[in-house]
Amino acid sequence: MYFYGILLGLSSFLSIGAFHPIVIKCEYYFSYRCWPVFLTAGLILLGFSLFIPNIILSAIIGVVGFSCLWSIIELFHQHKRVEKGWFPANPKHHPDL
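J.: What is the right way to read the overall build of the protein from this model?
T.: Within the protein, the regular secondary structure consists of 3 helices and 0 strands. Helices (α) and strands (β) of the protein occur, in sequence order from the N terminus, as α-α-α. By the compact-globule yardstick of 13 Å for 97 residues, the protein is too spread out, its C-alpha radius of gyration being 16 Å. Dimensions of the protein, computed from the C-alpha atoms along their principal axes, are close to 55 × 25 × 15 Å.

Written out as structure tokens, the structure reads:
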């Protein structure tokens, strides 16, 4: 039996699950303007995945890379959720930033 699909599915699930609170915390502490960090990390991870000979490890790194890129969109959505009052705003942030 091959467990590669289950392993890749589990790693995708864990990656998405891990990035949800990361996005919330990053928006709270750094605002949505920290999106270049996610872009850089995502591109680096995707670049690394091209050169990893192990197909499963390469796929997992690629999934995490794309999760970083998707987090950019979620940062902006999280910012809108904070503006609507669905999530707490950081009182230390200046409203014009």
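Still more to cover.
J.: When you look at unusual backbone geometry in this model, what are you seeing that I'm missing?
T.: With the exception of glycine, most residues fall at negative phi, and the peptide bonds are largely trans. Even without being glycine, serine 31 reaches a positive phi, approximately 70°. Among the secondary structure elements, serine 31 is positioned in the loop between α1 (4-30) and α2 (35-51). Under the relative-accessibility criterion, serine 31 is labelled buried at 10%.

J.: Would you take a moment to explain the packing of α2 against helix α3 (residues 55-83) for this structure?
T.: A pair of packed helices is captured by two measures, namely the crossing angle of their axes and the spacing between those axes. The N-to-C vectors of α2 and α3 enclose an angle of 160°; their axes lie 8 Å apart at closest approach. Judged by the angle between their axes, α2 and α3 are roughly antiparallel. For the pair α2 and α3, the crossing hand works out as left-handed. Side by side, α2 and α3 meet where Trp35, Phe38, Leu39, Ala41, Gly42, Leu43, Leu45, Leu46, Phe48 and Ser49 of the first sit next to Ser58, Ile61, Gly62, Val64, Gly65, Phe66, Cys68, Leu69, Ser71, Ile72, Leu75 and Phe76 of the second.

J.: So what exactly am I meant to see when it comes to the layout of surface pockets here?
T.: One number sums up the size of the second largest pocket: a volume of about 170 Å³. Looking at the second largest pocket, the residues that line it are Ser15, Ile16, Phe19, His20, Val23, Ile24, Ser67, Trp70, Ser71, Glu74 and Arg81. Broken down by secondary-structure element, the contributors of at least two residues to the lining of the second largest pocket are α1 and α3. Here the lining of the second largest pocket gets 6 residues from one element, more than from any other, and that element is α1. Per-class residue counts for the lining of the second largest pocket are 5 nonpolar, 4 polar and 2 charged.

J.: What's the story with the environment of glycine 62 in this structure? I'm lost.
T.: Its place among the elements puts glycine 62 in helix α3. The class for glycine 62 is buried, based on a relative accessible area of 11%. C-alpha of glycine 62 to C-alpha of serine 49: the two residues are 13 residues apart in sequence and 5.6 Å apart in space. Non-local contacts of glycine 62, meaning those with residues more than four positions away in its chain, are made with Leu46 and Ser49.

J.: Help me understand the pattern of salt bridges in this model?
T.: Side chains carrying opposite charge are able to pair once their charged atoms draw close together. Per the stated rule, a full pass over the model turns up 1 salt bridge. When the shortest N-O distance is used, the salt bridge between glutamate 74 and arginine 81 registers 3.3 Å. The partly exposed category is assigned to glutamate 74, whose relative accessible area is 22%.

Rules of the game
- Residues numbered from 1 in each chain as written.
- Predicted model: local features only at pLDDT ≥ 70, side-chain atom pairs only at ≥ 80, totals over all residues.
- Heavy atoms only, no water.
- Helix = DSSP H or I, 4+ residues; strand = E, 2+ residues; numbered from the N terminus.
- Rg over C-alpha atoms; globule rule 2.2 N^0.38 Å.
- Buried < 20%, exposed > 50% of the residue type's maximum accessible area, 1.4 Å probe, protein only.
- Axes fitted to C-alpha atoms, helices over the stretch in contact; angles between N-to-C directions.
- Parallel < 35°, antiparallel > 145°, perpendicular 65-115°, else oblique.
- Left-handed = near helix turned anticlockwise from the far one by under 90°.
- Contact = heavy atoms within 4.5 Å.
- 1 Å grid on protein atoms, 1.4 Å probe; cavity = no way out; pocket = protein on both sides within 12 Å on 5 of 7 lines; lining within 4 Å.
- Points joined across faces, edges and corners; volume = space filled by probe spheres on them.
- Nonpolar A, V, L, I, M, F, W, Y, C, P; charged D, E, K, R; others polar.
- Salt bridge = Lys/Arg side-chain N within 4 Å of Asp/Glu carboxyl O.

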